[in-house]
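Spelled out, the chains give:
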Amino acid sequence: GQSLEQPSEVTAVEGAIVQINCTYQTSGFYGLSWYQQHDGGAPTFLSYNALDGLEETGRFSSFLSRSDSYGYLLLQELQMKDSASYFCAVSGAAGNKLTFGGGTRVLVKP
Amino acid sequence: DVKVTQSSRYLVKRTGEKVFLECVQDMDHENMFWYRQDPGLGLRLIYFSYDVKMKEKGDIPEGYSVSREKKERFSLILESASTNQTSMYLCASSGSTTNEKLFFGSGTQLSVL
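Residues numbered from 1 in each chain as written. Chains lettered and ligands numbered in written order. Predicted model: local features only at pLDDT ≥ 70, side-chain atom pairs only at ≥ 80, totals over all residues. Heavy atoms only, no water.

Participant: What am I meant to see in the interface of chain A and chain B here?
Facilitator: The figure often quoted for interface size is the accessible area lost as the parts come together. On the side of chain B, 23 residues touch chain A, which itself brings 20 residues to the contact. The junction of chain A with chain B conceals about 1,600 Å² of combined surface from both sides, 56% of it contributed by carbon and sulfur atoms. On the surface where chain A and chain B come into contact, there are zero salt bridges. Where chain A meets chain B, there are four residue pairs in polar contact (both at pLDDT 80 or more). Mapped by element, the contributors of at least two residues to the side of chain A that touches chain B are β4 (31-37), β5 (44-49), β9 (84-91) and β10 (98-100) of chain A. A breakdown of the residues in the side of chain A that touches chain B according to their chemical character gives ten nonpolar, nine polar and one charged. (Contact = heavy atoms within 4.5 Å. Buried area = accessible area lost by both parts, 1.4 Å probe. Salt bridge = Lys/Arg side-chain N within 4 Å of Asp/Glu carboxyl O. Polar contact = N/O pair within 3.5 Å; in protein donor to acceptor, adjacent residues only side chain to side chain. Helix = DSSP H or I, 4+ residues; strand = E, 2+ residues; numbered from the N terminus. Nonpolar A, V, L, I, M, F, W, Y, C, P; charged D, E, K, R; others polar.)

Here it is as structure tokens:
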């Protein structure tokens, strides 16, 4: 089976940096994905890590350590529009299903 | 842009009814998925399909079935709806073999009374 742990909620102010951690236990592992979901909206893909290290996409970065079964999503220069839920997800092997964590609700305050 | 369309945004059904949730994607994706989303539980996989007429159980298939008669369409069926199936249902598709990037529909909020 597969399980993922991430914090349930994080609050920060505009301009700050937020790190959302995700630890996973899987019978197999291919990669770690991150999704963003605004209230009432559909989840949208943010990033994917198959190899160890940092992937940067604009203000958002994602990190993976396969040996530690750990990854994080880094949100920099927070903006009000970043208030949303963020989900990590793992695929157990190539072509396998994607299993999601419980989600982290990020609240950005002025 | 990829478009995944779910037939209803809101649906209200009675206990015991047979319920059909429809999903259509327009990008010729091989892989399609049905998730349900409940507060604090994230997205849980119900069923998925890698090809026409092919289906595989996800993590919570009990009480559900699926149908994939055409590549673009993936239907979720609640054989006899129960109140504990009240939830947000999300359909997704993927064009990659590793399924790291899913495209989601806007969801169907189902209420079973």
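Participant: Can you walk me through the nonpolar core in this structure?
Facilitator: Among soluble globular proteins, nonpolar side chains are generally buried collectively. In this structure, A:Val18, A:Ile20, A:Leu32, A:Trp34, A:Leu75 and A:Tyr86 are the most contacted members of the largest nonpolar core, which totals 21 residues. Looking at this core, the elements with two or more residues in it are β2 (9-13), β3 (18-26), β4, β7 (60-65), β8 (70-75), β9 and β11 (104-109) of chain A. Counting residues in hydrophobic clusters, the runner-up holds 20 residues, among them B:Phe74, B:Leu76, B:Leu78 and B:Cys91. (Core = buried A, V, L, I, M, F, W, Y, C linked by side-chain atoms within 4.5 Å. Buried < 20%, exposed > 50% of the residue type's maximum accessible area, 1.4 Å probe, protein only.)

In short, shape yes, function no, at least from these values alone.
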